[in-house]
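# Structural overview for review
Letter by letter, the chains look like this.
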Amino acid sequence: MIDHQSAIPLYQQIADTLKGNIHSGVYVEGDKLPSEKQLSEQYDVSRITVRQAMNALLAEEMIYSVQGKGTFVKTVKIQQKIRKITRFSSMLSEKGVSGRTRIYSFDEACDDEKALSLFPAGCVSICLLGYARSSPVAYYSSFVAAEYGRAMRGQAEELEKRGQAFTTLDLWDLAGVSIARVEQSVFACGRTAVTDEVFGRFAPPAYLVLETYYYSGDDRLLEHKKAYYRCDVYSFQLDREI
């Protein structure tokens, strides 16, 4: 509801209400917002006031308009610099976008042959799904050395309960383990049965994949991770010298 007696302009109250609805998932990317007429009737204001509210959201790149069709929630765009590792929560904060992470799966009885060849002493599988606003944008599939992986579950569950955005990098910090060396490679991949299941209606035709190996100070492999980033959301930026 909006307060017609408030010192805050009516258009700003409407814009803030719609913004809150977008962040909370009442409206997700691609959803059509109510028309100017519907909003003016809902909030008992003029269509000019509604138009001012919409223009404020357009300026923040939260919505876009299609002539003759209406106004829709815009997909978040994230540019990630790959010269330095940036945390998922930091990227969202820089964009002024709310987000969270949920545990997609956790398997202590990992039987993946490639993973076990990397971790002869055993490993656990941790899969996380990162959300921007209320849409999934990144899927993190990790294999972690068993001696650390099992303890990470409780840490991940606590962060998930708080509604925080995180990845395994944050879990390593909480575990008090320092990452001394990182190896990364970037490649593209198309849709798979797994990504279709993970991203559902938000699944794009292709993904940017960042494969990462984290090593300890004594050069022991701590984690092997593949992060699948939606190509309609993410782009990677790298400064190179000639």
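Below is a summary of the structure that appears in this document.

Okay, the state of the cysteines next. Every disulfide links exactly two cysteines, by a covalent bond between their sulfur atoms. Counted by the stated rule, this structure contains 0 disulfides. The thiol of Cys110 is not disulfide-bonded; the next cysteine sulfur, from Cys123, is found 3.6 Å away. A disulfide-free cysteine, Cys189 has its sulfur positioned 9.4 Å from the sulfur of Cys231, the nearest such atom.

Another aspect to go through is the packing of helix H6 (residues 146-161) against helix H7 (residues 168-175). The interhelical angle for the contact between H6 and H7, taken along N-to-C directions, is 105 degrees, at an axis separation of 10 Å. The pairing of H6 with H7 is recorded here as roughly perpendicular in orientation. Side by side, H6 and H7 meet where Tyr148, Met152, Gln155, Ala156 and Leu159 of the first sit next to Leu171, Trp172, Leu174 and Ala175 of the second. By residue class, the composition of the contact of H6 with H7 is 8 nonpolar, 1 polar and no charged.

To continue, consider the nonpolar core. In terms of nonpolar packing, the biggest core is built from 32 residues, with Phe88 and Tyr234 touching the most fellow members. Contact partners of Tyr234, with chain neighbours within four places excluded, come to Ile78, Gln80, Phe88, Met91, Val137, Ala138, Leu208 and Tyr229. With 18 residues, the next largest nonpolar core counts Val45, Ala53, Met54 and Ala56 among its residues.

A word on the packing of helix H1 (residues 10-24) against helix H3 (residues 47-59). Running from amino to carboxyl end, H1 crosses H3 at an angle of 50 degrees, the nearest separation of the two axes being 8 Å. As the angle between them shows, H1 and H3 are arranged oblique. When you trace H1 past H3, the crossing you get is right-handed. Contact residues: H1 offers Leu10, Tyr11, Ile14, Ala15, Leu18 and Lys19, while H3 offers Thr49, Gln52, Ala53, Met54, Ala56 and Leu57.

What counts, and at which threshold
Throughout, a residue's number is its position along its own chain's written sequence, starting from 1. Only residues with pLDDT of at least 70 are given local features in this predicted model, and only at 80 or more are side-chain atom pairs given and counted; all residues enter the totals for whole chains, interfaces and linings. Excluded from the side-chain calculations are hydrogens and water; all other atoms, namely the structure's heavy atoms, are used. Note on terminology: pairs of cysteine sulfur atoms within 2.5 Å are recorded as disulfides. The convention used is that axes are lines fitted to C-alpha atoms, helices contributing only their stretch in contact, and that angles between N-to-C directions extend from 0 to 180 degrees. A helix here means a DSSP run of H or I that spans at least four residues, while a strand means a run of E at least two residues long, and both kinds are numbered starting from the N terminus. Should an angle fall under 35 degrees it is taken as roughly parallel, and over 145 as roughly antiparallel, whereas 65 to 115 is taken as roughly perpendicular and any remaining angle as oblique. Should any heavy atoms of two residues lie within 4.5 Å, those residues are counted as being in contact. Classes in brief: Ala, Val, Leu, Ile, Met, Phe, Trp, Tyr, Cys and Pro nonpolar; Asp, Glu, Lys and Arg charged; the others, Gly included, polar. Among buried residues, the Ala, Val, Leu, Ile, Met, Phe, Trp, Tyr and Cys ones that are joined through side-chain atoms within 4.5 Å form a nonpolar core. When a residue's accessible area, from a 1.4 Å probe over protein chains only, is under 20% of the maximum for its type it is buried; when over 50% it is exposed; and in between it is partly exposed. Two helices crossing with the near one rotated counterclockwise from the far one by less than a right angle form a left-handed crossing, whereas a clockwise rotation gives a right-handed crossing.

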